[in-house]
Amino acid sequence: MENNWLPVNEGPRADALDKVTGKATYAAEHRVSNLAHGVFVCSTIAKGIIQSIDEAAALKAEGVIDIISYKNCPAIPGYAPQLADGTRNPKQWWGMKVLYDNQVRFYGQPIALVVAETLEQANAASLLLKITYQKESFETDFNLARKDPSKAKPPSTYSRGNASNYEQAAVKVEGEFTIPIEVHSPMELQATIAVWEAEDKLTVYDKTQGPKATQGAIARLFNIPDKNVRVIVDYVGGAFGNALRNWHNVPAACIAAKKINRPVKVILTRPQMFNLTGYRPQSWQQLKIGADATGKFVGIIHTAISNTSRYEEFREGIVNASRFLYACDYVDTNYRILPLDVSTPTWMRGPGEASGCFALESSIDQLSYVLNMDPVELRIKNFAEKNPESKLPWSSNYLKECYDKGRTLINWANRPQKPGSLQENGWLVGYGMANGVFGAGRSQASVRAILQANGNLVLQSAVSDMGPGTTTAMTKIASENLLLPLDKISFKLGDSELPPGPTQGGSTTTSTLGTAVYLACEALKKSLRTLAVENVPAFKNLDASTLVIKEGGVSASIDKEVFISNADLLKLGNKPFLEITQDSQGTSAMELKHATNSFSSHFVKVLVNPKTLKIKITEVVTTADAGKIISENTARSQMLGGVVGGIGMALFEELKFDHYTGAITNASFAGYQVPLHPDIPKTTVWFVNKPDPIINPIGAKGLGEIAFIGLAAAIANAVYNATGKRVRNLPITPEKLKEAKI
Ligand code: MOS
């Protein structure tokens, strides 16, 4: 059978053994002597001023070392809004300055840090603080606030073409869509251990997607050189975007450790993970789409509002895909953010596009029924031959191959064109599909390659691996380039002292870092060839460029019999090791002349019980054009994870507020529903696996985001196909299906 991307025997993931044996050390697990433990005390009002904090009882509690709040927080250079000369401080901390002032900006905001000898003692003492507040009126209800246009920030708008195209469209559909707040919910809690080595020098163990970014942020906080801050993040237990920023735990641990002159660990609790590490913002969208009688799109109007906090402006590309995923002359988008008295949202897997594609792809599906066309055929009809927004040619776009494979693998031929017309064992059957798209970017990176005396290769870069398999993929790139077995290559990451690597985000790590690894290997091969000509008598008169590097050594292309291993070559050349540090500059001139995107197309089969309206997803086929697939197993796992996340978004996830107090009411895994094992169906993954010829020398585009984007719409579309009811307010529950009119 053709490979439908079942797990292949490509060797274990590079970090598999460490992870399954518990050897992998996560941020909070590092053993540090003389460690004290910090626990946040959080506000119990949504907005106002702290009037008083009575620490007397807590300070007397066993093991308590200090209680830090705005009342006694030392002056922190990065907290100062202004410099001594009165000008704005350009190095100010990005984000809320925890323990800084008496303002309460959202319910559950950390306002004091209780530091004690043990975590238990800190927890116990944290209950003894007596805090009084002066409350102010607040607003947490997005769906109420959005109805008053004056409350939102001015829009960012985009328009092309002629509005009358839409007005005169032969067929039109319009709909409003809402998506509640969704939370990353990784296994690993956000945690920081800060260890001051000297007055101006510290080591920080932190859960971060960007060791270099975190290093810079902490250096600016204390106005010390970057090199005086060492950030270590050996392993990350999932993140999905919530470790792209440094949250309250980072400054709190560093400030407390300095103040008490001892290492301090601050680890967020699971409930705190629900509002102290960002989330996918809540959104409302309106989508209008019109087509001519043949199904050709003539107008798309996409309007969106998403929430931000009162103290920061968070925006994402919620309407962007509507501008370029399909060919359409007239497109109008309008996006506003709406500040509420809640914590700041952040990037969460597929940020922007995941919400936007729910509206766009649901609407296209609806249009297909009005036109009585197959929804895949409708998308093929409107395939964009080049990017209609930038007018640039795609670097590659194999969406049509995704459609072909997806249809075959899900058995699309079984799909009823008339909703609600097919049953299996008394359950309604529905098939749905939807697309995902995300930018395929590439940025700067630096990689050090060290060929050791024994012929083993060590690669190093200051990145972190939150789970996609960066370590494995980088090792594979080097293995394929140097024709060196995988077990002779190791990749060291997770330390800010290594050559600077990118923050892991936006599905760019493989493209960015992989290019640097590739270039480092090319440079290494060049050095080996030169070394061989200079030191091996048999190669003396040969042109270095004709030598072949493979199987851990060098041979001559004309005489394969002459072979010297890399280890022998180093010995002969009197080199204890060969070291190369290679920079990769990011986006090239060629890329700038192209639209670089990754694409996915997801196919779903659902069963809906006609009596209870219970939804069972029975099969998912997920296909992607992500360029060349570097590591088949880890790429496949990315896609499976995207499906799980998509099922969560479609059917389960919703953060809930009590708008009377402003508190989150389901900040736990008991109250915040995520998909469980029985909710995950048989899933088939398929990749086009054709190298992108433009984006980088390795041909790989990004994968993390498109694995998720579009999934929720594919599920909603399948539910419509089964029932004839379209739920536009996520998550889709039996209650909402019952209420849905058509
Ligand atoms: Mo991703 S939302 O860029 O971690």
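Cut-offs used in this document
Residues numbered from 1 in each chain as written. Predicted model: local features only at pLDDT ≥ 70, side-chain atom pairs only at ≥ 80, totals over all residues. Heavy atoms only, no water. Helix = DSSP H or I, 4+ residues; strand = E, 2+ residues; numbered from the N terminus. Rg over C-alpha atoms; globule rule 2.2 N^0.38 Å. Buried < 20%, exposed > 50% of the residue type's maximum accessible area, 1.4 Å probe, protein only. Polar contact = N/O pair within 3.5 Å; in protein donor to acceptor, adjacent residues only side chain to side chain. Contact = heavy atoms within 4.5 Å. Expected span 1.5 Å × (residues − 1). Pairing = 2+ DSSP bridges. Axes fitted to C-alpha atoms, helices over the stretch in contact; angles between N-to-C directions. Core = buried A, V, L, I, M, F, W, Y, C linked by side-chain atoms within 4.5 Å. Phe/Tyr/Trp six-rings, centres within 6.5 Å; stacked < 30°, edge-to-face > 60°. Lys NZ or Arg CZ within 6 Å of the ring centre and 35° of its normal. Domains from an automatic or database assignment. Buried area = accessible area lost by both parts, 1.4 Å probe. Salt bridge = Lys/Arg side-chain N within 4 Å of Asp/Glu carboxyl O. Nonpolar A, V, L, I, M, F, W, Y, C, P; charged D, E, K, R; others polar.

A.B. asks: Mind showing me how you'd approach the overall build of the protein chain here?
C.D. replies: Of regular secondary structure, the protein chain possesses 19 helices and 29 strands. Over its C-alpha atoms the protein chain spans a radius of gyration of 28 Å, differing by no more than 12% from the 27 Å that the globule rule assigns to 742 residues. Seen through its principal axes, the protein chain has C-alpha atoms that stretch 80 × 75 × 55 Å. Across the 742 residues of the protein chain, 60% fall into the buried class.

A.B. asks: How do you make sense of the side chain of serine 395 when you look at a structure like this?
C.D. replies: Tracing the backbone through its elements, the reader meets serine 395 in the loop between α11 (375-381) and α12 (399-410). Exposure remark for serine 395: the relative accessible area of 7% places this residue in the buried category. Within the structure, the side chain of serine 395 is placed 2.6 Å from the side chain of aspartate 692, a separation counted as a polar contact. Every residue in contact with serine 395, bar those within four places of it in the chain, is listed here: His594, Ala595, Thr596, Asn597, Asp692, Pro693 and Ile694.

A.B. asks: Would you mind going over helix α6 (residues 211-222) with me for this structure?
C.D. replies: Two residues of an α-helix separated by three or four positions point the same way, owing to the 3.6 residues in each turn. Here α6 spans 17 Å end to end across twelve residues, near enough to the 16 Å set by a 1.5 Å rise per residue. Judged by how many residues are buried, α6 sits mostly within the fold: nine of twelve residues are covered. Among the residues making up α6, those that are buried are Pro211, Thr214, Gln215, Gly216, Ala217, Ile218, Ala219, Leu221 and Phe222. Among the structural elements, β9 (191-198), β10 (201-206), β11 (229-232) and α7 (249-260) are those in contact with the buried residues of α6. Just beyond α6, the residue with positive phi is asparagine 223, at close to 55 degrees.

A.B. asks: Please explain the sheet that holds strand β3 (residues 64-69) as it appears in this structure.
C.D. replies: As a general point, the strands of a sheet are linked pairwise by backbone hydrogen bonds and lie either parallel or antiparallel. Pairing within the open sheet is mixed, and its seven strands lie in the order β3-β5-β1-β12-β9-β10-β11. This sheet does not close on itself; its edge strands, each paired only once, are β3 and β11. Recorded for the sheet is a direction-independent mean angle of 20 degrees between the axes of neighbouring strands. Both β3 and strand β5 (residues 110-116) contribute to a ladder of five bridges, which runs antiparallel.

A.B. asks: Help me understand the sheet that holds strand β26 (residues 615-625), please; the structure alone is not making it clear to me.
C.D. replies: Read from one edge of the open sheet, five strands run β16-β17-β25-β26-β29, paired in mixed fashion. Taken across any chain shown, the strands that pair with only one partner, and hence form the sheet edges, are β16 (423-424) and β29 (682-687). Pairing geometry for β16 and strand β17 (residues 427-439), over two bridges, is antiparallel. Residue pairing across strands places glutamine 423 opposite leucine 428, the latter belonging to β17. Along the sheet face, helix α18 (residues 711-723) touches β17, β25 (597-608) and β26 and points at about 155 degrees away from the line of β17.

A.B. asks: For this particular structure, what's the right way to read the nonpolar core?
C.D. replies: In a soluble, globular protein the nonpolar side chains are often hidden away together inside. Grouped together as the largest cluster of nonpolar side chains are 85 residues, with contacts concentrated most on Phe297, Leu367, Val604, Val606 and Ile715. Per-element accounting of this core gives the leading share, nine residues, to α18. The residues touching isoleucine 715, leaving out its near neighbours within four places in the chain, are Val604, Ile617, Gly646, Ile647, Ala650 and Leu651. Counting 40 residues, the second largest nonpolar core, distinct from the first, contains Ala445, Ala516, Ala532 and Ile564.

A.B. asks: Honestly, the packing of aromatic side chains in this entry has me stumped. Any pointers?
C.D. replies: How two aromatic rings sit relative to each other is given by the distance of their centres and the angle of their planes. Applying the stated criterion to the full structure yields 14 aromatic pairs. Aromatic pair phenylalanine 297 and tyrosine 326: ring centres 5.7 Å apart, planes at 75 degrees, arrangement edge-to-face. Within this pair, whereas phenylalanine 297 is found in strand β14 (residues 297-309), its partner tyrosine 326 is found in the loop between α9 (321-324) and β15 (331-340), the two being separated by 29 residues in sequence. Across the pair, tyrosine 326 and phenylalanine 297 agree in class, each one buried. With centroids separated by 6.4 Å and ring planes inclined at 55 degrees, the aromatic side chains of phenylalanine 324 and tryptophan 394 adopt a geometry described as tilted. Taken as a pair, phenylalanine 324 in helix α9 and tryptophan 394 in the loop between α11 and α12 lie far apart in primary sequence, 70 residues in all. Here the aromatic residues Trp94, Phe314 and Trp347 are joined through ring pairs into a cluster of three or more. Above the face of the tryptophan 196 ring, lysine 258 is positioned so that its terminal group lies 4.6 Å from the ring centre. In this arrangement the basic side chain of lysine 616 is found over the ring face of tryptophan 427, its NZ or CZ atom lying 4.2 Å from the centre.

A.B. asks: Can you help me understand the domain arrangement of the protein chain in this one?
C.D. replies: Size of an interface: often given as the accessible area lost when the parts come together. As far as domains go, the protein chain holds domain 1 (27-137 + 186-273), domain 2 (283-441 + 591-739) and domain 3 (443-586). When each unit is reduced to the centre of its C-alpha atoms, the spacing between domain 1 and domain 2 is 37 Å. Taken together, the contacts link 16 residues of domain 1 with 16 residues of domain 2. Carbon and sulfur atoms supply 64% of the area that domain 1 and domain 2 bury against each other, a total of about 1,400 Å² over both sides. Put simply, aspartate 341 and lysine 47 hold a salt bridge, and the shortest N to O gap is 3.4 Å. Here domain 1 and domain 2 share three residue pairs in polar contact (both at pLDDT 80 or more) between them. Its residues placed into classes, the side of domain 1 that touches domain 2 shows nine nonpolar, three polar and four charged.

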